[in-house]
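# Observations on the model geometry
Chain by chain, the residues run as shown.
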Amino acid sequence: MINVQEISLDPDTRRAWRAGDEINLSRKEFDLVLALISRAGVLVTREELMREVWQTTFWTSSKTIDVHLGWVRRKLGDDSRHPSLISTVRGKGLRFETVAPAGAAGTAATAAAQEA
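Below, the discussion takes up the nonpolar core. Leu36, Ile37, Leu49, Leu76, Ile86 and Phe96 are the most contacted members of the largest nonpolar core, which totals 26 residues. With six residues, the single largest contributor to this core is helix α1 (residues 27-37). Beyond its immediate chain neighbours, meaning those up to four positions away, Leu36 contacts Val44, Leu49, Ile86, Leu94 and Phe96.

Here it is, written out as C-alpha cells:
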C-alpha cells in the first residue's frame, strides 16, 4: 500500500482511495497515478511516463498525458488551476507532492465538492 497525502494506492489489487473513499480509475489512470505516487516528491519526465505507462518511446499524441492527467485530477479532486496533489513543472514533467503546497489546504476538497 502506498499512502501520500490523502491518497492510498494498492498496486496489488489496483485500487485507490482518497481519505477512505474508493476512487474508480481506469487501467491507464491507475498506471499514471502509480508512476507518480511511487516516486512522490520526485519530478517524473513525460518521456519516463510514456515509457512506463504507455510502454512506448514515441509520442502517439502530445496530449495523451494531459488528457489522462485531467481525468485523474478530476477523480482525485485535485483542482487543475491550483493543484495540491500533482504539480506540473512546465517543460520538465510532473510531480506527486508529498505535502500540499502552502495555501492549497482544502482546495482539492472544495473543488471536488463543487463538481459533485
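The next thing to look at is the sheet that holds strand β7 (residues 93-96). The strand order β5-β7-β6 describes an open sheet built from three strands, whose pairing is antiparallel. This sheet does not close on itself; its edge strands, each paired only once, are β5 (44-45) and β6 (86-89). Pairing of β6 with β7, which is carried by four bridges, proceeds in the antiparallel orientation. Pairing of Ser87 across the sheet is with Arg95, part of β7. Against the sheet, helix α3 (residues 64-76) touches β6 and β7, its axis set at about 150° to β6.

Before going further, it helps to examine the packing of α1 against α3. As a packed pair, α1 and α3 sit with axes 10 Å apart at the nearest point and diverge in direction by 85°. The angle between α1 and α3 falls in the class roughly perpendicular. From α1, Lys28, Glu29, Leu32 and Val33 reach across to α3, where they touch His68, Leu69, Trp71, Val72, Lys75 and Leu76. Class assignment of the residues belonging to the contact of α1 with α3 gives a composition of six nonpolar, one polar and three charged.

Calculation notes
Residues numbered from 1 in each chain as written. Predicted model: local features only at pLDDT ≥ 70, side-chain atom pairs only at ≥ 80, totals over all residues. Heavy atoms only, no water. Core = buried A, V, L, I, M, F, W, Y, C linked by side-chain atoms within 4.5 Å. Buried < 20%, exposed > 50% of the residue type's maximum accessible area, 1.4 Å probe, protein only. Helix = DSSP H or I, 4+ residues; strand = E, 2+ residues; numbered from the N terminus. Contact = heavy atoms within 4.5 Å. Pairing = 2+ DSSP bridges. Axes fitted to C-alpha atoms, helices over the stretch in contact; angles between N-to-C directions. Parallel < 35°, antiparallel > 145°, perpendicular 65-115°, else oblique. Nonpolar A, V, L, I, M, F, W, Y, C, P; charged D, E, K, R; others polar.

Note that all results are geometric; they support no functional claim without further evidence.
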